[in-house]
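Single-letter residue listing:
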Amino acid sequence: MLALGACAAQTPQNQSQVYSSLSTGPLWVEHSLTSSPLKLAFIEAELGSRGEQRSSSYPSNYLGEKTSSALGRKLYSREEASTTDLDCSSFSSSAAAQKAFLASGGPTRDPSGLDRDGDGLACEWGTYLKKSVASYQASLRPSRTYSPTRTTSRRSSSRCYVGPRGGTYTITASGNKNYGGC
């Protein structure tokens, strides 16, 4: 696991900078190993801001894997008034909004009002995570572009078969059709 400098006070801004300074590979490793929801939020926001959706080293490790279920669930109280002029349109992406939200004390605090529903996911970050999960799950389904038609053969004798177009064949010991064997 990543050591976040034991001597320095761990402010949200410091944590955000630590994860921003890591390369993508170690971030994905940390993503798969951490059990801390706050660390996971920082890591996913950083990976999302880099356009990452899935680890190339660990294909079953993907964005939103552990966090997308929070979308729409009120987990944090949101009774404080916004103290800044920021809103979701102030950011280039939902990942950038999530990073700023976390750096300003999120998910427990929301001084900018970026997470009004209290699910811990700023702006449309939760929707982005859900789409990432759906994309991963779709990649696991088998392709349906090829579907061979099933034909039934009529059997004319104990070893000789008649195909759908009238040709005859036998089945070899290896399971292949032998069209010259009848």
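Sequence order as written defines the numbering, with residues in each chain counted from 1. Residue-level local features of this predicted model are given only where pLDDT is at least 70; pairs of side-chain atoms are given and counted only at 80 or more, and the full residue set underlies all totals for whole chains, interfaces and linings. Based on all heavy atoms of the structure, the side-chain values leave hydrogens and waters out of the count.

A. Highlighting the packing of aromatic side chains. For this analysis, a ring pair means two rings from Phe, Tyr or Trp (six-membered ring only for Trp) whose centres lie within 6.5 Å, classed as stacked if their planes differ by under 30 degrees, edge-to-face if by over 60, and tilted for the remaining angles. In the structure shown here, the tally under the stated rule is four aromatic pairs. For the ring pair W125 and Y128, a centre distance of 5.2 Å and an interplane angle of 15 degrees mean the geometry is stacked. In this pair, W125 and Y128 are both assigned in helix α5 (residues 125-140), three residues apart and thus about one turn of the helix distant. Overall, W125 belongs to the buried group, its relative accessible area being 2%. Pairing Y161 with Y169 gives two aromatic rings, centres 5.7 Å apart and planes at 25 degrees, and the pair type is stacked. For K177, the ring lying beneath its charged end belongs to Y169, and the centroid distance is 4.9 Å. Strands here are runs of E lasting at least two residues and helices are runs of H or I lasting at least four, both read from the DSSP assignment and numbered beginning at the N terminus. Relative accessibility thresholds used throughout: buried, under 20% of the residue-type maximum; exposed, over 50%; partly exposed, between the two (1.4 Å probe, protein chains only). Should the NZ of a Lys or the CZ of an Arg lie within 6 Å of a ring centre and within 35 degrees of the ring normal, that charge is described as sitting over the ring.

B. Layout of the state of the cysteines. For this text, the term disulfide refers to a pair of cysteine sulfurs within 2.5 Å. With the rule as written, the count across this model stands at one disulfide. Shown here is the disulfide that connects C88 with C123, its sulfur atoms set 2.0 Å apart. Because the torsion about its S-S bond is -100 degrees, the bridge between C88 and C123 counts as left-handed. Taken together, the positions of C88 in the loop between α3 (37-49) and α4 (94-103) and C123 in the loop between α4 and α5 put the pair 35 residues apart, joining distant regions of the chain. With a relative accessible area of 37%, C88 lands in the partly exposed category.

C. Focus on the packing of helix α2 (residues 24-33) against α3. Across the interface, α2 lies against α3 with an axial gap of 10 Å and an inter-helix angle of 145 degrees. The two elements α2 and α3 meet at a crossing, and its hand is left-handed. Facing T24, L27, W28, E30 and H31 of α2, the residues of α3 in contact are L40, I43, E44, E46 and L47. Residue classes in the contact of α2 with α3 are distributed as five nonpolar, two polar and three charged. Axis definition: a line fit to C-alpha positions, over the contact stretch in the case of helices; interaxial angles, taken between N-to-C directions, run 0 to 180 degrees. The sense of a crossing depends on the near helix, which, turned anticlockwise from the far helix by less than a right angle, makes the crossing left-handed and, turned clockwise, makes it right-handed. What makes two residues a contact is simply this: any of their non-hydrogen atoms within 4.5 Å. Here the term charged refers only to Asp, Glu, Lys and Arg, the term nonpolar to Ala, Val, Leu, Ile, Met, Phe, Trp, Tyr, Cys and Pro, and the term polar to all other amino acids, Gly among them.

D. Quick look at the nonpolar core. We call a set of buried residues a nonpolar core when its members are Ala, Val, Leu, Ile, Met, Phe, Trp, Tyr or Cys and they connect through side-chain atoms within 4.5 Å of each other. Among the nonpolar cores identified, the biggest contains 21 residues, and L47, L102, L114 and W125 are the most heavily contacted of them. The biggest single contributor to this core is α3, with five residues.

E. Spatial organisation of the environment of R73. Summarising the element assignment, R73 is placed in the loop between α3 and α4. You can call R73 partly exposed: its relative accessible area is 44%. Considering only alpha carbons, one finds R73 and D117, 44 residues apart in sequence, at a separation of 7.8 Å. Excluding anything up to four places from it in sequence, R73 contacts G118 and D119. Two N or O atoms count as a polar contact when they lie within 3.5 Å, although within protein this holds only if one can serve as hydrogen donor and the other as acceptor, and sequence-adjacent residues are included solely when both atoms are side-chain atoms. Within polar-contact distance, the side chain of R73 engages the backbone oxygen of S69 at 3.5 Å.

F. Representation of α5. For a helix, the expected span equals 1.5 Å multiplied by the residue count minus one. Its 16 residues give α5 an end-to-end C-alpha distance of 23 Å, which sits within 8% of 22 Å, the value for a rise of 1.5 Å per residue. Every buried residue of α5 is accounted for by W125, G126, L129, S132, V133 and Y136. Buried residues of α5 fall within an arc of 115 degrees about the axis and therefore sit on the same side. Close packing links the buried residues of α5 with α3 and α4. Throughout, the arc means the angular range of directions from the helix axis out to the C-beta atoms.

G. Highlighting the packing of α3 against α5. Put simply, α3 and α5 touch, their axes get as near as 12 Å, and they point 75 degrees apart. As far as their axial angle goes, α5 and α3 are roughly perpendicular. Residue-level contacts link E44, A45 and G48 of α3 to W125, Y128 and L129 of α5. Residues of the contact of α3 with α5, tallied by class, amount to four nonpolar, one polar and one charged. By the definition adopted for this analysis, an angle is roughly parallel if under 35 degrees, roughly antiparallel if over 145, roughly perpendicular if from 65 to 115, and oblique otherwise.

H. Looking closely at the confidence of the model for the protein chain. The pLDDT value tells you how sure the predictor is about a given residue, anywhere from 0 up to 100. For the protein chain, per-residue confidence averages 82 on the pLDDT scale, and residues scoring 70 or more make up 85% of the total. Here strand β1 (residues 154-155) stands out as the least confident element of the protein chain, with mean pLDDT 46; α4 is the most confident, with 94. Of the regions scoring below 50 in pLDDT, residues 153-157 engages in nine contacts with residues more than four places distant in sequence or in other chains.

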